[in-house]
Structures are given as structure tokens and as C-alpha cells.
Amino acid sequence: AASKARSPPLGQFERAATRAWLASNLTSDRWANIAAAPYARAKCAEAVASLARLDWPAAWPELSPALFQLASAPSPGSAALSLGVWSQIADLLIEDSKELTTSRRRELSSALVTVVEQPAEAPQLIASLQHALRQHGADRHVVREALNL
């Protein structure tokens, strides 16, 4: 059996260009309709989470605010995309993967704890999740898609 060849890692320039491209796609209207392209939305969430694994939060500080804004969008598809990204970032931390060094795992965990707990009176991630669920929770597609059900 032939082994699967891995692509060489992206350099800093390529990762910066990819972050910019993904950020522009996150804010696109293409995610508005929950019924349209759930597979593409899942792949976009996967790509964002994969790059976040490498660059968030230090090299990609604008990701969190973009995801908070996306979760607050009036369209259920946008909210599902935001929830899907957060879910995949959390999944990265619970996977038993050799791809994350101990220090990088700690850095990602700390960043995720920060968005869950800060500011103490109204944590941003919790507030954006509550908003998305209040606005779109009755739409079972949003919750099912975000939780990969």
C-alpha cells in the first residue's frame, strides 16, 4: 500500500494570505441560508480550525471577534459556521494527537479559557453562543450542524 504523501507546511506568508482569505469568506453572505451547502460550511469550519491550531490567538487575534460577530449574525447559516469553528477548536484540544506540542496545546487551551471566561461579567464566547441559540436554537439544523450530529 502506498503511503499518503503530506504536503509541505505553509510558510508565514502563505498562512497570512490564507487567514485573510478565510476571514473574507467568514463574513460572506454565502453562509446565510442554513439549508445551502452544509458540507461546504463544515469544510470551511475545518479549515479555519486547522489554521487556528497553528496561528490563533497570537498570529490571528482577529479570529475571535470575527467568530463572535458571525455567531450574532441574523442568518442561521452564519451562526452554525461560527459554532462549528468553536466546536472544532475545542475538539483539537481533546484529540490525542501528536501534531500539537504540549506548549501549543497549553497556549490553545489558555486562549479558549480566556474567551470562555473573559470578561468575567459577560464572557464573550458564552454571550455569543447564547445569542446564537436564542436567535436560532429553534432551528434544529443550527444545533445539529454545530455539534456534528
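See the structure shown above.
Residues numbered from 1 in each chain as written. Predicted model: local features only at pLDDT ≥ 70, side-chain atom pairs only at ≥ 80, totals over all residues. Heavy atoms only, no water.

Examining the overall build of the protein
Note the cut-off: Numbering of helices and strands runs from the N terminus; a helix is a DSSP stretch of H or I covering at least four residues, while a strand is a stretch of E covering at least two. Contact criterion: two residues are considered in contact whenever any of their non-hydrogen atoms come within 4.5 Å of each other. The Shrake-Rupley method, run with a 1.4 Å probe sphere, supplies the accessible areas, and residue values consider only the shown protein chains as cover.
A count of helices and strands for the protein gives 7 helices and 0 strands. Scanning the protein from its N terminus toward the C terminus, one meets helices and strands in the order α-α-α-α-α-α-α. In the protein, the share of contacts with a sequence separation of at least 24, taken over all contacts with a separation of at least 6, comes to 67%. As displayed, the protein offers around 8800 Å² of accessible surface, 58% of which is attributable to carbon and sulfur atoms.

Overview of helix α4 (residues 76–94)
Note the cut-off: A helix is expected to span 1.5 Å for every residue after the first. Each residue is placed in one exposure class: buried if its accessible area under a 1.4 Å probe, protein chains only, is under 20% of its type's maximum, exposed if it is over 50%, and partly exposed if it falls in between.
Its 19 residues place the ends of α4 27 Å apart at the C-alpha level, agreeing with the 27 Å of an ideal helix rising 1.5 Å per residue. Among the 19 residues of α4, 16 are classified as buried, and the element is accordingly described as predominantly covered.

Considering unusual backbone geometry
Residue Trp56 is joined to Pro57 through a cis peptide bond whose omega torsion reads 5 degrees. Turning to its location among the elements, Pro57 is positioned in the loop between α2 (38–55) and α3 (63–71).

Digging into the packing of helix α1 (residues 12–26) against α2
Worth spelling out the cut-off: Axis geometry follows a simple rule: fit a line to the C-alpha atoms, using only the stretch in contact for helices, then measure angles between N-to-C directions, giving values from 0 to 180 degrees. Should an angle lie under 35 degrees it is considered roughly parallel, over 145 roughly antiparallel, and from 65 to 115 roughly perpendicular; all remaining angles are considered oblique. A clockwise turn of the near helix away from the far one marks a right-handed crossing, whereas an anticlockwise turn of less than a right angle marks a left-handed crossing. Classes in brief: Ala, Val, Leu, Ile, Met, Phe, Trp, Tyr, Cys and Pro nonpolar; Asp, Glu, Lys and Arg charged; the others, Gly included, polar.
Running from N to C, α1 and α2 point in directions that differ by 140 degrees, and their axes come no closer than 11 Å. Classed by the angle they form, the pair α1 and α2 counts as oblique. Crossing of α1 against α2: the hand is left-handed. From α1, Arg15, Thr18, Arg19, Leu22 and Leu26 reach across to α2, where they touch Cys44, Ala47, Val48, Leu51, Leu54 and Asp55. Here the contact of α1 with α2 is composed, by residue class, of 7 nonpolar, 1 polar and 3 charged.

A closer look at the nonpolar core
How we decide: What makes a nonpolar core is a set of buried Ala, Val, Leu, Ile, Met, Phe, Trp, Tyr and Cys residues whose side-chain atoms join them at distances within 4.5 Å.
Grouped together as the largest cluster of nonpolar side chains are 27 residues, with contacts concentrated most on Trp56, Leu63, Trp86 and Ile89. Among the elements of the structure, α1, α2, α3, α4 and α5 (102–117) are those that each provide at least two residues to this core.

Honestly, it's all geometry; don't read function into it.
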